[in-house]
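Examining the three-dimensional arrangement
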Amino acid sequence: MNALPIVAGPRTISKTTGARWFCGIDLGTTNSSVAILDSWAFHSDDRRLEISMVPIRQSTRTGVTESILFPSVVAELFPGEWIAGEGAKEARGLGSRKDRRIFYSTKSEMGLGREPYYPFAASNKFDSPYKIAAKILESLFGAVREKFGEDALRNVVVTVPASFQVAARKDTLRAAVLAGTPLGDQSLLDEPNAAFLDYILSTAQGESFPLDLTAPTVVLVVDFGGGTCDVSVLRVQMEAQTGRLRLANLAISRYERLGGDNIDIAIAEQILLPELLRQNGVAALDLSWADKKNYVFPQLLPVAEALKLAICSEYSSWLAFHPGQQAEPNICATQLSESIRVPAARDHVRTLSLRNPSLTLEQFQHVMSPFLDGDLLYAHGTEFNSITSVFAPIRDALDRAGPSPTDIDGILLVGGSSLIPQIQKAVQTQFPEAHRLSFDDRDRSFSAIARGAALHSFFLHGLGVPLLKPIAQETIGLLAQDNVFRALIRAGTELPFPPSGQFETHHGLSVPRDLMTELDIVIAAETPSRGTKVLAVAHLKPENLARAGAEIEIRFRLDANKVLDLQASLRSEANGECAVSLENPLSATGHDSEREREILSLEQELADTITRRESLSQKVRQIQRLSELLFDEKKYERAIDWARKALQLRRDPDPYAVNLIGNAYYELGAYDRAEKLFRELTAIDAGWGGGHFNLALSLESQGRTGEALEAVSEATRLAVQEGAYLALQARLIKTSGRAEDATIAFREAARLLDLSRPLNEFHLHWRITVARSLNDVKTALELESMRTKQNERVGLPYDPRALPATESAIALR
Amino acid sequence: MQETIRSQRAWMIARELLTEQQERVVALPIDQNQFISGPSGSGKTVVLLHRANHLLRNFKVSPRQLRVLVFTNVLRTYIQAGADALNLPFETIQSFYSWVFQLADREGLPKSQADRLEDKCRETLESVTRYFEEEYMPPVLEAVLVDEGQDLPLAAYRLLRKASRHVTVFADSIQKLYVEGSMMIEAGRTLDIGDRAVRLIGNLRSSIAVARLAVEFLPPAERDDYFHLQEWTSVPTRTRIPLLVRASSEDEEWERVGEIVKQEISANYRVGILLPDNRAVNQAYTALASGGVPVERVTARAPSEADFNGLTPKILTVFSAKGLSFDTVLIPRITRQHYAHAPTTAAQMLFVACTRALDWVCLNTVQGSELRELGQLEGLVLAGRLIEQGASPKNINVQNDDLLEQDAPF
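Residues numbered from 1 in each chain as written. Chains lettered and ligands numbered in written order. Predicted model: local features only at pLDDT ≥ 70, side-chain atom pairs only at ≥ 80, totals over all residues.

**Some details on the confidence of the model for chain B**
All names here are of chain B. This prediction gives chain B a mean pLDDT of 83; 85% of its residues lie at or above 70. Averaged pLDDT values over the elements of chain B bottom out at 58 in strand 15 (residues 399-400) and peak at 95 in strand 9 (residues 271-275). Every residue in residues 401-410 scores below 50 in pLDDT, and together they form six contacts with partners more than four places removed in sequence or on other chains. Note on the complex model: pTM 0.78, ipTM 0.79. (pLDDT = per-residue confidence, 0-100. Helix = DSSP H or I, 4+ residues; strand = E, 2+ residues; numbered from the N terminus. Contact = placed C-beta atoms within 7 Å.)

**Overview of the packing of helix 17 (residues 689-701) of chain A against helix 18 (residues 705-718) of chain A**
Residue and element names in this part refer to chain A. Where helix 17 contacts helix 18, the two axes come as close as 8 Å, and the packing angle between them is 160°. Compared by their axis directions, helix 17 and helix 18 come out roughly antiparallel. Judged by the twist between their axes, the crossing of helix 17 over helix 18 is left-handed. Contacts between helix 17 and helix 18 involve Gly689, His692, Phe693, Leu695, Ala696, Leu699 and Glu700 on the former and, on the latter, Thr705, Glu707, Ala708, Ala711, Val712, Glu714, Ala715 and Leu718. When grouped by side-chain class, the residues that make up the contact of helix 17 with helix 18 number nine nonpolar, three polar and three charged. (Axes fitted to C-alpha atoms, helices over the stretch in contact; angles between N-to-C directions. Parallel < 35°, antiparallel > 145°, perpendicular 65-115°, else oblique. Left-handed = near helix turned anticlockwise from the far one by under 90°. Nonpolar A, V, L, I, M, F, W, Y, C, P; charged D, E, K, R; others polar.)

**Some points on the sheet that holds strand 6 (residues 198-199) of chain B**
Residues and elements named next belong to chain B. Taken together, the six strands give an open sheet; going across it, the order is 3-2-4-5-1-6, and neighbouring strands pair in parallel fashion. Two strands close off the open sheet at either side, each with one partner strand: strand 3 (93-95) and strand 6. In this structure, strand 2 (residues 66-70) lies alongside strand 3, joined through three bridges in parallel fashion. Looking across to strand 3, one finds that Leu69 is bridged to Gln94. Lying on the sheet, helix 3 (residues 73-86) is in contact with strand 2 and strand 3; it crosses strand 3 at an angle near 175°. Against the sheet, helix 6 (residues 154-163) engages strand 4 (141-146) and strand 5 (164-171), with an angle of about 145° to strand 5. (Pairing = 2+ DSSP bridges.)

**A closer look at the sheet that holds strand 20 (residues 435-437) of chain A**
In sheet architecture, strand pairing relies on hydrogen bonds along the backbone and comes in two forms, parallel and antiparallel. Residues and elements named next belong to chain A. Taken in spatial order, the five strands of this open sheet run 14-13-12-19-20, and their pairing is mixed. At either end of the open sheet lies a strand with only one pairing partner, and these are strand 14 (245-252) and strand 20. Mean inter-strand twist for the sheet, computed between neighbouring axes without regard to direction, equals 30°. Relative to strand 13 (residues 229-238), strand 12 (residues 217-224) runs antiparallel, the two being bridged by eight bridges. Bridged to Val222 within strand 13 is Val231.

The structure is reproduced here in structure tokens:
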């Protein structure tokens, strides 16, 4: 046990700015809040750190609420008239309308360099996430100004997710400018660090503090809020003489769009939507993807959130009354019946009623399980949600930091979603050795980040001695010949480096041999645990012949925002220069996969042009591409929506779109719908065997073997060499009871699906089917190991050019 | 169509979440009688239940030898719902007079012939008390805990002193609603406590905004006292400013009340709808239920049907609500006509009704027939501590910044 002194900051303070108030703002994905530190209390004899949360007045339908939490929601109720906070959040339940726009969780979109995709184009006041952030900041600044005066806005620190990239940080600064209070240079603070600052300087005082800070201590901070899950690994030590805290970031997780919102969507999607459909006798596919996304989910989410909160509060209280009890209680939360409004044809509205929506603890545990899985750390999203285990960002941060879970001395859980009892239990189970650091007050989970920001503001702006300085987390350097690593900036170096902000020059690298062509400058990072990893390669092209041994001058700097600028130049007569700028090289992440990015940009482009008449064929091509990408991402309902749009645009039967919709229905298990589409397809293009083949698949799944056989016979008649068709035919023959005939057909199919040639994913699937049917286990296992689950494909995409198949396998695209 | 919401939402708090001061009260010794006073919202009922549990488990008092006595049947049901979380046996919680009648039966005392229930209660209590005092009866119980002790007549304390080895009384003198209520100092003397009362201060759960409204219904002399007993240790996460809705007709009033009730349920708040008398309760029930608002009527006659761990809003009289607390309290029908026959002053009733709220109070009336006492609230409205609305509120304050629009220079 080791009690911290009351103030773990510097003891002798001479420099003050004279300002009294220091302001910290937590600009959250779901809720925002403001804390104010009164420095007069600190300068009094007892050196108190007095921080208070600022209540923010918010209009609602039932008058006025003053709350320290300000929902990060902005609504444009009528063109030009907007509201933020609680009242805007209330409006969320009303659903979208052409003239009513509600923006929430837009923080996830900050800095993406693209406009957010909204169902209805927003007015220019709200067409960017940073402009929405500005409206939220405007309200927060207003509350501070009203209570403490303009002066309190002179020293503001705003928090951002540790994993925010530079573009997102810049967007945050832009938002502050737009809201009328530009921020200073080091005024952005990482959220987990802010929470830890608050913890260490307020809660962690006194006897019960479990960590010994005289030695270096490793703490894992998990900030699991409404929209992001941000993890930071910190090393903490208190200098014995000065009592000054040294905090260093060992690692931060990659950006993870995972939060309480995702749990709400999961409840809405897995529990409420099926119940809504069941109660109203509506088939899942009767509502389009867009109906669900733009109308049904926005109305279901408030219900889902209320049910989640009720279950969590009841379960927490049960746990408090029954410590150590293994059996789970029966808890059921219910909510009021709701009318869900969905647009129908010609401006009519269809009302679906959701009677007595409820959620049991058991259902909730089930919904939560993928979020808590310690093994399956990849995202397994649905069409409406992305679901990732909370341990994915935790492992990611630990991998970067190097320590194993047993090296973690303490874990601090913050953020609203960290109050979910299941999350707390799961973290405890995964890190049994680590001390659970917790705030003595539940509400602190909501306010810790803003409070930490106010503390940082005070130490930084008021005392000129920031408690936490950004540091380089890994050693950055260059990979020379034979992979020799040459360090430029060592791990732990305080940023900016060099402190002047100018460039540092590094000598001692030379051209390895005479060369005329490009020379690769390989920038790499090195960690003791993971060796070197290449961050980027710059190409230095000499203007003239570069002689072996000619010096290469390297100039570089890493600024406080962790942007690395590096220039390389050849000084000799060879002459040549190159420069590279890397954003936050040490948490380099991808937001989305390549495919997801292409989907987003196509959707964006189409949203802008879809209503215009020109370039119809280009639009159709784009939609084809988009729906195919969505199909590959298993976003079948959304693919159907877009393919339908292509049909609408072309106003004539488009076999590509019809086939894609059929395939999507097939994947969704709606075989009767798939059949209808494939019949249509065989009418449009009777000469393509694939249509008959796909039709046969949909009939087979409905148990109509005879009809399926007829259809597949037509397919094999059209393409005699197509092994996949024959394989299906063989399977149907077997189902109809003619085992011997089936074996002959399977053998023939095996011959056609020749293993000496590379097989695409479609043929691979059918070749495995054939091998299994012929009891050729060895081949089946070999082929299965080649196949990745993601690429499996049963139905055939429309591609008449490749058929009839002769010698070569069908080219998929 | 009416529906019920059976969402569990226990109001009870686990022992480790009690404050130090509350914890001290739970563990007070039993070698002498104890008297705990505290204002509404200081958590008396929660502390009482934990103390009962503490006596059962730590002092090994048998459940048959322990009673939690309350004044109303509604409060009994409410407390039983909380006791559920602690696994306290239901039968330990009893209304005071049912216990008195039980004693009279057991000892074979002659039955009271009075017609009115009040008289029957008084006569039986007197005869049982006399019997215990004059016959030198030994105590029949090990421990008794009394909630809302300010409402018991003095004779009750004389009986408790004789019938139980230990008595802990929880009381709030400002809440005194019943004419028969005894002077607390007298009661303390009877139990040999004198004025050695433990005061629960600190207003842990209820909102300062609610308290500011409630004190407006106290006589000016008592207002300061009330605030001195309160202490708001930390800034609450959220303070909702109380609302006063002036509808233009009764229909409009119910429509708005229904709308607000629904909104409160969707935020998981426990709602109490409080009215001056049973007739008004029945009217409210009919009006709301026929409007499709899920509500539950809690009557003194059949209180055990009420599910106090459920989220369905409760409609009850202010008297029945004594000792209960809700997140949100709606007080409809604050008109001259409805409070004309109130057994105590309208102001006193509104004070009790408001202090049932932990979080938010919504007062409702009809324009033109407002109760005179509502006039006292003008100062609060001016100070921004009470919001006034018509029945169909103007759309919430939106901001129009077309004139301010200036894009940042990037």
